Structure formats: structure tokens, C-alpha cells
Amino acid sequence: MLNSLKSKGSRPIGVDVGRSTVRMAQLSPGAPGGFVTSHATVRGTEPCQSETYLDAAIGAVRRSMGRGTFAGRSVRIALPTELIRFKSVRLPDMPDEEIAEAVKWEVDKLPGGEPGEAINQHIPLGRVRQGEETLREVLVMSAPRPWIESFTEAMDRLKLEVESLEVASTAVASAFFRQDEPRLVVDFGGGSTRAMIIERGEVHFFKVLGPGQLEMDQRVAERLRLSLADAAETRLS
């Protein structure tokens, strides 16, 4: 289910579940690019690693929907990058339909997961030269099945229809970067910073560069002896 589904005619509600913030927005069905007609930002959810993170994220969606500013009940979920395990692999050159089978062997090598306890997806990034060989570079992504199932079941209880689940970074690519020329996009998130090369809405390069905003705020707070809130305001000023 870590994939993007086609729109069913109406604009769905976008739900960006970040490491410490849940953002929701809905675009106008008018112009091709659309514009935001309703939006909500809920801060103060627990960090990804805490036991209460899932409940906090669900509660944030419930409160935002309770305001009555969104139209419809279809949602597209952008999952927190910190929840996903990534691995870039190089495989022998093969047709796309054979990649899925080959990737299964690589998923088992991802650290921190148990067989059957993850939902897996892959993105072919392109062909690369390694010595005299031409190989297929593939980004493998794995999300914890219990978290995904609990979250989608909660959305069902809220009477929300989940159209798609995506990694936040790739969701940005498919939604906003559909130009013919390649674009370098740096996603400076709460938990990590990611770099992508995107062309026509497809990701051709992906790499986690390092820590994100929250760790930067922590370092600034320690160095300047500030609260985390004041450190964040200093970073943004």
C-alpha cells in the first residue's frame, strides 16, 4: 500500500504525518495546479520513537477533521520518513516486472525487521554503470506493518477513505515536480534531511543526508542554553 493511487475526481485531503507535526491541506479542484482551500497544522505530537506517537498522530487528524473546514472524506497519507527503512541496491539489468521478485531477497536483509511484519515497496531509480556492467539501481522501502494497519484502521473509524500511503519525500515528487527537466530537491524534515533528483514526477536519485530540524534545534539549544522552542525560533529567524 506504499504507493500512489489515481485521484477519483475530487481533490483528496493531504495528511502529512511528520516526526513532531501533523499537517493537513486540501487543494481547489479548479486550476490544474490548484491552491490550498483548507489547511490545518497540529503541533506537539510525540516523537516517532515514543510509545504514544501513533495515538498522538491519530488524535491530531481527528481534531483537524473536527473543525469542519475540509470537504469530503478521502485522504492521502504521507508517512514520516523516520518510520521507513531504506536501502539502495544494484541489481543486474532486467525488465521492471522482474525487479519486484529480485527485491524480495533484498528486503530480508534490511536491519530491524521481522519477516511478515513489514509492508515493502520499491522504486526503480535508473541504470548505472559499474565497471563494464550496466546495473539497475533500486530504492527499497520498508514500513512496519502493525503501525500501518493500526493507522489505517483508525482512519476507517474516523470514516476517512485512505486513497494512498506514501513516503513523504516521494509524495512531494509525484505531486509538485512534474517538469521535463531534472530537479534537485532537498527535503529538510524534522527527523532527517533527504536529497532527491526528480524528473516528470519520478524519483531518479534518493539519499538520506543526515539529521533534520529537531536535532539542529537540540544542538542550538544546548550551545546557546535556550529552550527548544526558542532554538527553533532562532533557526527560522
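None of the values given here were measured: they were computed from a predicted structure. For every chain, the first residue of its written sequence is number 1, and the numbers climb from 1 along that sequence. Confidence filtering applies because this is a predicted model: local features only for residues at pLDDT of at least 70, side-chain atom pairs given and counted only at 80 or more, and all residues used for totals across whole chains, interfaces and linings. Think of the side-chain values as coming from all heavy atoms in the structure, minus any hydrogens and water.

Engineer: Looking at this structure, how should I read the overall build of the protein chain?
Structural biologist: Helical segments are the DSSP runs of H or I of at least four residues, strand segments are the runs of E of at least two, and each set is numbered from the N terminus. Helix and strand counts for the protein chain come out as 6 helices and 11 strands. Each residue's exposure class comes from its accessible area (1.4 Å probe, protein chains only) as a fraction of the maximum for that residue type: buried when under 20%, exposed when over 50%, partly exposed otherwise. Across the 237 residues that make up the protein chain, the buried fraction comes to 41%. Here the accessible surface of atoms and residues is derived via Shrake-Rupley with a 1.4 Å probe, and residues count as covered only by protein chains that are part of the display. Per element, the accessible surface of the protein chain, about 13,500 Å² overall, is 52% carbon and sulfur.

Engineer: What should I look at first to understand the confidence of the model for the protein chain in this one?
Structural biologist: Any residue range with low pLDDT should be treated as having predicted coordinates unsuitable for detailed reading. Taken residue by residue, the protein chain gives an average pLDDT of 75. The fraction at 70 or more is 73%. The predictor rates its confidence in each residue with pLDDT, a number between 0 and 100. When mean pLDDT is taken per element in the protein chain, helix α3 (residues 145–157) scores highest with 89 and strand β3 (residues 36–43) scores lowest with 60. Here a residue-residue contact requires only that any non-hydrogen atoms of the pair lie within 4.5 Å. Contacts of residues 1–9 to residues separated by more than four positions or lying in other chains number 25 contacts, the stretch itself having pLDDT below 50.

Engineer: Hey, could you run me through the side chain of Glu163 in this one?
Structural biologist: Take Glu163: it is sitting in strand β8 (residues 161–167). A distance of 3.2 Å separates polar atoms of two side chains, one belonging to Glu163 and the other to Arg76. Think of a polar contact as two N or O atoms within 3.5 Å of one another; within protein, one of them needs to be a possible hydrogen donor and the other a possible acceptor, and neighboring residues in sequence only count if both atoms come from side chains.

Engineer: What should I look at first to understand α3 in this one?
Structural biologist: Owing to its 3.6 residues per turn, the α-helix aligns residues three or four sequence positions apart on the same side. How far a helix is expected to stretch is found by multiplying one less than its residue total by 1.5 Å. The terminal C-alpha atoms of α3, which comprises 13 residues, lie 18 Å apart, in line with the 18 Å expected from a rise of 1.5 Å per residue. Taken residue by residue, α3 has Trp147, Ile148, Phe151, Thr152, Ala154 and Met155 as its buried positions. Seen from one end, α3 has its buried residues packed into an arc of 155°, which puts them on one side. Exposed residues on α3 whose side chains face more than 90 degrees from its buried face are Asp156 and Arg157. Tucked inside the fold, the buried residues of α3 contact β1 (13–17), α1 (53–66), β4 (74–79), β6 (118–130), β7 (133–144) and β8. Of the residues one or two after α3, Lys159 is the one with positive phi, at around 60°. Directions are taken from the helix axis to each C-beta atom, and the arc is the one they span.

Engineer: How should a positive patch on the surface be read in this particular structure?
Structural biologist: By definition, no residue in a patch forms a salt bridge, and every one has over 30% relative accessible area; like charges are joined within 9 Å, nonpolar side chains (Val, Leu, Ile, Met, Phe, Trp, Tyr) within 5 Å. Take a side-chain nitrogen of Lys or Arg and a carboxyl oxygen of Asp or Glu: if they are within 4 Å of each other, that pair is a salt bridge. His is not counted here, nor are the chain ends, while Lys and Arg score as positive and Asp and Glu score as negative. By convention, the point assigned to a charge is CZ for Arg, NZ for Lys, CD for Glu and CG for Asp. Judged by side-chain charge, Arg62, Arg63, Arg67 and Arg157 come together as a positively charged surface patch. Relative to the helices and strands, Arg157 resides in helix α3.

Engineer: It is not clear to me how the nonpolar core should be interpreted in this structure. Could you clarify?
Structural biologist: As a rule of thumb, nonpolar side chains are buried together in soluble globular proteins. Take the buried residues of types Ala, Val, Leu, Ile, Met, Phe, Trp, Tyr and Cys, join any two whose side-chain atoms come within 4.5 Å, and each joined set is a nonpolar core. Among the nonpolar cores identified, the biggest contains 39 residues, and Val15, Val61, Ile77, Phe151 and Met155 are the most heavily contacted of them. Per element, the largest residue contribution to this core is 7 residues, and it comes from α1. Excluding its chain neighbours within four sequence positions, the residues that come into contact with Phe151 are Val17, Leu54, Ala57, Ile58, Val61 and Ile77.

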